[in-house]
Amino acid sequence: MATWNSRGLRGSFLEELINLTNEKYRNQNLALIQKVPTPIKPIHIDESTRHITLAYFEQKSTVDYIGVVQGIPVCFDAKECAEDRFPLANIHEHQMKFMEEFEAQEGIAFILIYFKSRDCFTYLPFTYLKTFWERMETGGKKSFAFDELNPSFEISTYSGTFVHYLEKIQMDLEERQ
């Protein structure tokens with residue numbers, strides 16, 4: 001079982017920007033998105049500071065965020081990638097299953113990826129992710145390259161909104177029609 005501090009700060013830059021974005025969306029009555037806490041079981045607590053110093057994940061998490069945008073249920077995960085190639089090992093099978101089930105209930109599932117080497121944020125619709133996943137499952141590449149992504153799903157900062165993904169949800173919806 002993995003400890004919570006072994007990977008705990010990975011993605012914290014992206015998550016902080018998303019949290020600020022979600023707060024702005026909420027204040028503007030555009031969306032209500034919440035961070036899904038990962039349930040942990042504390043093993044050791046420092047009595048002097050009351051901080052958890054060792055813990056284990058109690059169960060597998062689903063996605064990082066869930067909520068509603070103008071009446072549309074959404075769920076998504078936030079991932080950071082150091083290079084131009086995103087390893088599909090960063091997505092777990094139970095997450096794929098959850099997102100697939102979420103979409104079957106007429107929700108929108110996606111991944112927000114920050115490519116550090118390019119200082120670029122991108123929105124990856126679940127349908128695209130599923131294509132890459134199926135390619136891997138049939139013996140193909142276990143990753144996808146930045147260049148394989150649709151450039152129109154790149155996210156730009158807009159009016160003080162750090163990761164303005166609402167426009168990309170709209171694009172995603174339009175592609176589905």
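The present account deals with the structure reproduced in this document. (Residues numbered from 1 in each chain as written. Predicted model: local features only at pLDDT ≥ 70, side-chain atom pairs only at ≥ 80, totals over all residues. Heavy atoms only, no water.)

**Quick word on the overall build of the chain**
Phase 1 of the analysis: Tallying secondary structure elements over the chain gives four helices and ten strands in all.
Phase 2 of the analysis: Each helix and strand of the chain, placed in order from N terminus to C terminus, yields the pattern α-β-β-β-β-β-β-α-β-β-α-β-β-α.
Phase 3 of the analysis: For the chain, the residues scored as buried account for 38% of the 177 residues in total.
Phase 4 of the analysis: Surface exposure of the chain reaches about 10,300 Å², of which carbon and sulfur atoms provide 51%. (Helix = DSSP H or I, 4+ residues; strand = E, 2+ residues; numbered from the N terminus. Buried < 20%, exposed > 50% of the residue type's maximum accessible area, 1.4 Å probe, protein only. Areas by Shrake-Rupley, 256 points an atom, 1.4 Å probe, with all protein chains shown as cover.)

**Focus on the sheet that holds strand β10 (residues 154–155)**
Phase 1 of the analysis: The mixed open sheet is built from six strands, whose spatial order is β1-β4-β5-β7-β8-β10. Sheet topology places β1 (31–35) and β10 at the edges, where each strand pairs with a single neighbour.
Phase 2 of the analysis: Relative to strand β8 (residues 120–125), strand β7 (residues 108–115) runs antiparallel, the two sharing six bridges. Of the residues in β8, the one forming a bridge with Ile113 is Thr122.
Phase 3 of the analysis: Running over the sheet, helix α1 (residues 12–27) touches β1, β4 (65–69), β5 (72–81), β7 and β8 and is turned about 150° from β5. (Pairing = 2+ DSSP bridges. Contact = heavy atoms within 4.5 Å. Axes fitted to C-alpha atoms, helices over the stretch in contact; angles between N-to-C directions.)

**Here's the deal with the pattern of salt bridges**
Phase 1 of the analysis: On inspection of all chains with the given rule, the structure shows eleven salt bridges.
Phase 2 of the analysis: Between Lys116 and Glu80 there is a salt bridge, and its shortest N-O distance comes to 3.3 Å. Residue Lys116 is located in the loop between β7 and β8, and its partner Glu80 is located in strand β5; the two are separated by 36 residues in the primary sequence.
Phase 3 of the analysis: For Lys116, a relative accessible area of 45% translates into the label partly exposed.
Phase 4 of the analysis: For Glu80, a relative accessible area of 17% gives the class buried.
Phase 5 of the analysis: Close ionic contact of Asp147 with Arg118 constitutes a salt bridge, the shortest N to O distance being 3.6 Å. Separated by 29 residues along the polypeptide, Asp147 in the loop between β9 (143–145) and β10 and Arg118 in the loop between β7 and β8 bring together distant segments of the chain.
Phase 6 of the analysis: With a relative accessible area of 63%, Asp147 lands in the exposed category.
Phase 7 of the analysis: Owing to a relative accessible area of 36%, Arg118 belongs among the partly exposed residues under this scheme. (Salt bridge = Lys/Arg side-chain N within 4 Å of Asp/Glu carboxyl O.)

**Observations regarding the environment of Ile66**
Phase 1 of the analysis: Checked against the element boundaries, Ile66 lands in strand β4.
Phase 2 of the analysis: Taking the C-alpha atoms as reference, Ile66 lies 5.6 Å from Ile33; in sequence the two are 33 residues apart.
Phase 3 of the analysis: Discounting chain neighbours no more than four positions away, the residues touching Ile66 are Leu32, Ile33, Gln34, Val36, Val74, Cys75, Phe98 and Phe102.

**Considerations on the pairing of β4**
Phase 1 of the analysis: Across five bridges, the pairing between β1 and β4 is antiparallel. Within β4, the residue paired with Gln34 across the bridge is Ile66.
Phase 2 of the analysis: Judged from the five bridges that link them, β4 and β5 form a sheet pairing that is antiparallel. Each bridged residue has a counterpart across the sheet, and for Tyr65 the counterpart in β5 is Phe76.
Phase 3 of the analysis: What sits between β4 and β5 in their antiparallel hairpin is a turn of two residues, with Gln70 showing a positive phi close to 50°.

**Some thoughts on the side chain of Glu103**
Phase 1 of the analysis: Here Glu103 is to be found in helix α2 (residues 93–104).
Phase 2 of the analysis: Aside from chain neighbours lying at most four places away, what touches Glu103 is Ile108, Ala109, Phe126 and Arg176.

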